[in-house]
Amino acid sequence: MTGPKLHVAVLMGGWSNERPVSLMSGNGVADALEARGHRVTRIDMGRDVAQVLAQTAPDVVFNALHGTPGEDGTVQGMMDLMGLTYTHSGLAASVIAIDKELTKQALVPHGIPMPGGRVVRVSEIYRHDPLPRPYVLKPVNEGSSVGVAIVTDGGNYGNPIAPSVPGPWQQFDTLLAEPFIRGRELTTAVLGDRALLVTELKTKSEFYDFDAKYTDGMTDHICPADIPEDVAEACRDIALRAHRLLGCRGTSRSDFRWDDERGIDGLFLLEVNTQPGMTPLSLVPEQARALGMDYGELVEAIIAEALTQTKEAR
């Protein structure tokens, strides 16, 4: 990024389930910006975040928060009211993308393939299965695969699910039930108005859960993925279309399941992450690196887009 050096507030931490990941992302971003000569203020978000940001008075806020309230539109709305320039998606896109059911309502009518299913009350799954097994239960508005359970015929959750068995039903009143899609985990990043690459995630756990994402050695990243070109092209096309339809800014990451026995018809978008991780194991920096963009350049590119869009809006 050419031009004058900036005062960047890096907003990280918070109190969501993804706090540890956010701290890794934020400190990585801050280190990179300092190495490139920018002035950086690191902010571990507390309830006084508005006062701290007002006192800091940065040129731009790099939003490195994950989960609520940093990824669901709450912090975005606050920064909009304060007149701050910030990275990543704004209020409306954040509200929709954090909610998996709202995301389906926004994308499926435009031909984006996503799994079926429905939102169910936990009391229902204690009585009977909401879908034929195998199926997936997940929180409606959490990221990083927090609280995801795959319910199978031979699983240990019980039939019906037992309230005493650990699972997301012990943490949430409602859950999203979706058919389980066999096959492979794929993900595609979007930066600005460009889809990057497709990465296949081969995990040593049952699926690409929180531990698999953030524990070194738990998941092999194949980048670019060794998949047919028509499937790779579809991933890039769907990721970019979803990014645009939701009104995302900066960078996003679309996660897919691909049933390789069904070819292109077996590809399904699971969710769109509006503030993907920026840790050493994160996928967006990895894809950018594979295309010749180092971590510092990636961070500056995200900031440059935020500054450009703010200027255009004004």
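Re the overall build of the protein
Then, number 1: Across its full length, the protein holds 10 helices and 12 strands.
Then, number 2: Scaling as 2.2 N^0.38, a compact globule of 314 residues should have a C-alpha radius of gyration of about 20 Å, and the protein matches this with 19 Å.
Then, number 3: Principal-axis analysis of the C-alpha atoms places the extent of the protein at approximately 60 × 45 × 40 Å.
Then, number 4: Burial analysis of the protein (314 residues in total) assigns 55% to the buried set.
Then, number 5: Long-range contacts, defined as pairs at least 24 residues apart, comprise 68% of the intrachain contacts of the protein with a sequence gap of at least 6.
Then, number 6: Carbon and sulfur atoms make up 50% of the accessible area of the protein, which totals about 13,300 Å².
Then, number 7: One finds the centroid of the 29 positive side-chain charges in the protein at a distance of 2 Å from the centroid of its 42 negative side-chain charges.

A look at the pairing of strand S11 (residues 251-258)
Then, number 1: The element S11 is largely enclosed, with a buried count of eight among its eight residues.
Then, number 2: Alternating positions in S11 separate into two faces, Thr251, Arg253, Asp255 and Arg257 on one and Ser252, Ser254, Phe256 and Trp258 on the other, with burial throughout.
Then, number 3: In this structure, strand S8 (residues 184-191) lies alongside S11, joined through eight bridges in antiparallel fashion. Pairing of Ala189 across the sheet is with Arg253, part of S11.

Comments concerning the sheet that holds strand S3 (residues 60-63)
Then, number 1: Ordered by their spatial adjacency, three strands build an open sheet running S2-S1-S3, and the pairing between neighbours is parallel. Edge positions in the sheet fall to strand S2 (39-44) and S3, since each has one partner strand and no second. On average, each strand axis in the sheet is inclined to that of its neighbour by 25 degrees, with strand direction left out of account.

Quick look at unusual backbone geometry
Then, number 1: Note the cis peptide between Thr68 and Pro69, where omega equals 0 degrees.
Then, number 2: The phi torsion at Ala57 lies on the positive side, around 50 degrees, for a residue other than glycine.
Then, number 3: Within the element layout of this structure, Ala57 appears in the loop between helix H2 (49-56) and S3.
Then, number 4: Positive phi values are uncommon outside glycine, yet His88 reaches one of about 70 degrees.
Then, number 5: Mapping His88 onto the fold places it in the loop between helix H3 (74-82) and helix H4 (91-98).
Then, number 6: The exposure class assigned to His88 is buried, which follows from its relative accessible area of 3%.

With respect to the packing of aromatic side chains
Then, number 1: Within the structure shown, the criterion is met by one aromatic pair.
Then, number 2: A centroid spacing of 4.9 Å and a plane angle of 85 degrees characterise the contact between Tyr157 and Trp169, whose relative ring orientation is edge-to-face. In this pair, Tyr157 is assigned in the loop between strand S6 (149-151) and strand S7 (174-179) and Trp169 in the loop between S6 and S7, connecting sequence segments 12 residues apart. Comparing Tyr157 with Trp169 shows no difference in burial state: the two are buried.
Then, number 3: Directly above the aromatic system of Trp15 lies the positively charged group of Arg47, at a separation of 3.8 Å from the ring centroid.

So, the sheet that holds S8
Then, number 1: Strand order in this open sheet of five strands is S10-S9-S8-S11-S12, and the pairing throughout is antiparallel. The sheet is open, and its two edges are formed by strand S10 (219-222) and strand S12 (267-273), each paired on a single side. When the angles between neighbouring strand axes are averaged without regard to direction, this sheet yields 30 degrees.
Then, number 2: Inspection of the sheet shows S11 paired to S12 by six bridges, in the antiparallel sense. Looking at the pairing, Trp258 lines up with Leu267 of S12.
Then, number 3: Helix H9 (residues 283-290) rests against S8, strand S9 (194-203), S10 and S11 of the sheet, and its axis sits at about 120 degrees to S9.

Points about the environment of Ile238
Then, number 1: Here Ile238 shows up in helix H8 (residues 229-246).
Then, number 2: Ile238 sits in the buried class, given a relative accessible area of 6%.
Then, number 3: When the C-alpha atoms of Ile238 and Glu305 are compared, they prove to be 22 Å apart, with 67 residues separating the residues in sequence.
Then, number 4: The residues touching Ile238, leaving out its near neighbours within four places in the chain, are Ile112, Pro113, Phe256, Leu267 and Leu269.

Here we look at the confidence of the model for the protein
Then, number 1: Summing up the model confidence of the protein, the mean pLDDT is 92 and the portion of residues at 70 or higher is 92%.
Then, number 2: This stretch, residues 207-215, has a pLDDT under 50; its non-local contacts, to residues over four places away or in other chains, come to 35 contacts.

Thresholds, definitions, all that
Residues numbered from 1 in each chain as written. Predicted model: local features only at pLDDT ≥ 70, side-chain atom pairs only at ≥ 80, totals over all residues. Heavy atoms only, no water. Helix = DSSP H or I, 4+ residues; strand = E, 2+ residues; numbered from the N terminus. Rg over C-alpha atoms; globule rule 2.2 N^0.38 Å. Buried < 20%, exposed > 50% of the residue type's maximum accessible area, 1.4 Å probe, protein only. Contact = heavy atoms within 4.5 Å. Areas by Shrake-Rupley, 256 points an atom, 1.4 Å probe, with all protein chains shown as cover. Lys, Arg positive; Asp, Glu negative; His and termini not counted. Charge placed at Lys NZ, Arg CZ, Asp CG, Glu CD. Pairing = 2+ DSSP bridges. Axes fitted to C-alpha atoms, helices over the stretch in contact; angles between N-to-C directions. Phe/Tyr/Trp six-rings, centres within 6.5 Å; stacked < 30°, edge-to-face > 60°. Lys NZ or Arg CZ within 6 Å of the ring centre and 35° of its normal. pLDDT = per-residue confidence, 0-100.

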